[in-house]
2 protein chains.
Amino acid sequence: MDSRPIGIFDSGLGGLTVVSEIMRQLPHEQTLYFGDTARFPYGPRSAEELRGFVFEIIDFLLIYDVKFIVIACNSASAAALEAAQQFYSIPIIGVIEPGARAAVQATRNRRVGVIGTQATISSGSYITSMKTIDAGVKAYSLACPELADFVERDEITGERVEGAIKWYLDPLVRDGIDSLILGCTHYPLLSETIAKVAGDDITLISSAEETARELKEFLQRKDSFREGGVRPEPRFFSSGDEGVFGRLGARFLGQEIARVERVHLPFKAKVNRVEKG
Amino acid sequence: MDSRPIGIFDSGLGGLTVVSEIMRQLPHEQTLYFGDTARFPYGPRSAEELRGFVFEIIDFLLIYDVKFIVIACNSASAAALEAAQQFYSIPIIGVIEPGARAAVQATRNRRVGVIGTQATISSGSYITSMKTIDAGVKAYSLACPELADFVERDEITGERVEGAIKWYLDPLVRDGIDSLILGCTHYPLLSETIAKVAGDDITLISSAEETARELKEFLQRKDSFREGGVRPEPRFFSSGDEGVFGRLGARFLGQEIARVERVHLPFKAKVNRVEKG
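These numbers come from a predicted model, not from an experiment.

It is worth spelling out the domain arrangement of chain A at this point. Residue and element names in this part refer to chain A. Domain annotation for chain A reports domain 1 (6-95 + 209-262) and domain 2 (96-207). Using only C-alpha atoms to locate each centre, domain 1 and domain 2 end up separated by 22 Å. Taken residue by residue, the interface counts 23 residues in domain 1 and 25 residues in domain 2. A buried area of about 1900 Å², summed over both sides, lies between domain 1 and domain 2, and 55% of it is on carbon and sulfur atoms. Per-residue buried area on domain 1 facing domain 2 is highest for N74, E210 and R251; these three make up 31% of the total on that side. A salt bridge links R251 to D154; the nearest nitrogen and oxygen atoms lie 3.0 Å apart. Listing elements by their share of the side of domain 1 that touches domain 2, those giving two or more residues are helix 1 (16-25), helix 3 (74-87), helix 10 (207-221) and helix 11 (242-253). Tallied by class, the residues present in the side of domain 1 that touches domain 2 amount to 8 nonpolar, 9 polar and 6 charged.

Shown next as structure tokens:
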């Protein structure tokens, strides 16, 4: 048993789809979520810059004595998971390996599509991860930068977003994929529209759902579940405006967010300033 | 639904521990097992030679229209899984990735021991596989060629085998491992004795159990379970003596083996000869 909280973070609000899945699959666990909304989006940033952000955020979450870190951001997972795992002593998972693994298991014709941000797709991380499980899988990946913007604008159904999805998916469908990884934490909100465009023959893989599933496996094997009892309140931290986080975040979380705490990163630099003061 | 059988093979009888786990976890599936007893052991053979054997055996199993192949041999998985996945169109898994994954999930101090044959340990496959899931895990691996011989001789308890296990494990225990991968399909039969020597603080990971678990996940996600009903009889093929296979195999399988079919490999060469004849 280990009743410490689980720390989860993303560039903005998309990672709340992972929190939502963790709350569904692990209802007794306490979650702490940090959304780096002040520096959103991560997609166009360099891997080096993202590694710096990830280390700052993990240092911040460790203040709350978290037992586990989930990098609930595809771009940050691709850029910094390995470095973070090598540096920190607590277990850290990202969203890429769980999604890749589920896709390899689900595909029947071994043709898998991957959609995500520019940073995620450029990294090739989903492909590398799938190949370690099935060296013969064929991956078809495509950066869809516009799709996260539709979600940010809350335009998740309708002609325009359907048209954009169709435009992106058409080449993947022609390549004969039978499974599609939603490789961005924003995309679960588009899953109904994506399913409508993709048709019944393509299985959608949600990294959010798979990551929560993987987290559950880890906690089970380590015998590190939180002791049952009263369901703990999740806590939310934001580097940007609390009001915006609360309003927009509710859509990603699928429930109201009562309270958001504003924090200023880089946390370490701030601590140093206080100590020196 | 997919009612075709699952093809499983190993260098000898050790892979029957994987069949036993598949029969336990997937009681409705039909299993076909090929034990390459005529060419046992694989441990000291080169990777190139093992790849040749693996392709021959898969060609043989495909005659029976199997839906899935399990390379239930650590040495063969390390040498040939990737090449086989790239060549064949049906899904193929080995025993290494499932064991590696379970160990990474189970360890608390991120120090994992691996024991296996010379071929398995030399390949470094468990370490590579663990690092793709947790780049910060520390792996301590050791070839234990003698242990499979104890199992072959049915000497699975007693002073001598305990002494050998203690001699092998002592350095790993001093390295502070908290989890130990049994990286040879012979070792599940030694697990009680290994547990006795290792003590309660070290979690044993059975690749046999984890591989069956992974197979189940694959079939579930692909919606490829066999339709229920009468439990099908497993079939056993041997490249060596049927009588010996039946007698010794029962220990690995944990139940009697009614019938063993002798086959002569290389199958392809034989077919060619017949065609040419």
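Now that the structure has been shown, we can carry on.
Counting residues in each nonpolar core, the largest one holds 65 residues, and the members touching the most others are M130(A), L16(B), V70(B), I115(B), L147(B), L180(B) and L215(B). Contacts of L180(B), omitting those with residues within four sequence positions, involve G113(B), V114(B), I115(B), L169(B), L172(B), I194(B), I202(B), T203(B), L204(B) and I205(B). Counting 64 residues, the second largest nonpolar core, distinct from the first, contains L182(A), I194(A), A100(B) and A102(B).

On to the packing of aromatic side chains. Summed over the entire model, instances satisfying the criterion amount to 24 aromatic pairs over all chains. With 5.0 Å between their ring centres and 40° between their planes, Y64(B) and F237(B) make a pair best called tilted. On the criterion of sequence distance, the pair formed by Y64(B) in the loop between helix 2 (47-62) and strand 3 (68-71) and F237(B) in strand 9 (residues 235-238) is long-range, its members being 173 residues apart. With centroids separated by 4.9 Å and ring planes inclined at 80°, the aromatic side chains of F87(B) and Y88(B) adopt a geometry described as edge-to-face. Following the ring pairs from residue to residue traces out a cluster consisting of F34(A), F60(A), Y64(A) and F237(A). The ring of F53(A) carries the charged tip of R39(A) above its face, separated from the ring centre by 3.8 Å.

It is worth spelling out the environment of G240(A) at this point. All names here are of chain A. Along the chain, the position of G240 falls in the loop between strand 9 (235-238) and helix 11. On the basis of relative accessible area, G240 is assigned to the buried category, the value being 7%. Distance in space between the C-alpha atoms of G240 and A38 is 4.3 Å, their sequence separation being 202 residues. Dropping the residues within four chain positions of it, G240 is found in contact with T37, A38 and R262.

Residues and elements named next belong to chain A. The 6 strands lie next to each other as 4-3-1-2-9-10, forming an open sheet whose pairing is parallel. In this open sheet, the two strands that pair with only one neighbour each are strand 4 (92-94) and strand 10 (261-262). Bridge count for strand 3 (residues 68-71) against strand 4 is 3 bridges, and the pairing is parallel. From the neighbouring strand, I71 faces strand 4, where its bridge partner is G94.

Rules and cut-offs
- Residues numbered from 1 in each chain as written.
- Chains lettered and ligands numbered in written order.
- Predicted model: local features only at pLDDT ≥ 70, side-chain atom pairs only at ≥ 80, totals over all residues.
- Heavy atoms only, no water.
- Domains from an automatic or database assignment.
- Contact = heavy atoms within 4.5 Å.
- Buried area = accessible area lost by both parts, 1.4 Å probe.
- Salt bridge = Lys/Arg side-chain N within 4 Å of Asp/Glu carboxyl O.
- Helix = DSSP H or I, 4+ residues; strand = E, 2+ residues; numbered from the N terminus.
- Nonpolar A, V, L, I, M, F, W, Y, C, P; charged D, E, K, R; others polar.
- Core = buried A, V, L, I, M, F, W, Y, C linked by side-chain atoms within 4.5 Å.
- Buried < 20%, exposed > 50% of the residue type's maximum accessible area, 1.4 Å probe, protein only.
- Phe/Tyr/Trp six-rings, centres within 6.5 Å; stacked < 30°, edge-to-face > 60°.
- Lys NZ or Arg CZ within 6 Å of the ring centre and 35° of its normal.
- Pairing = 2+ DSSP bridges.

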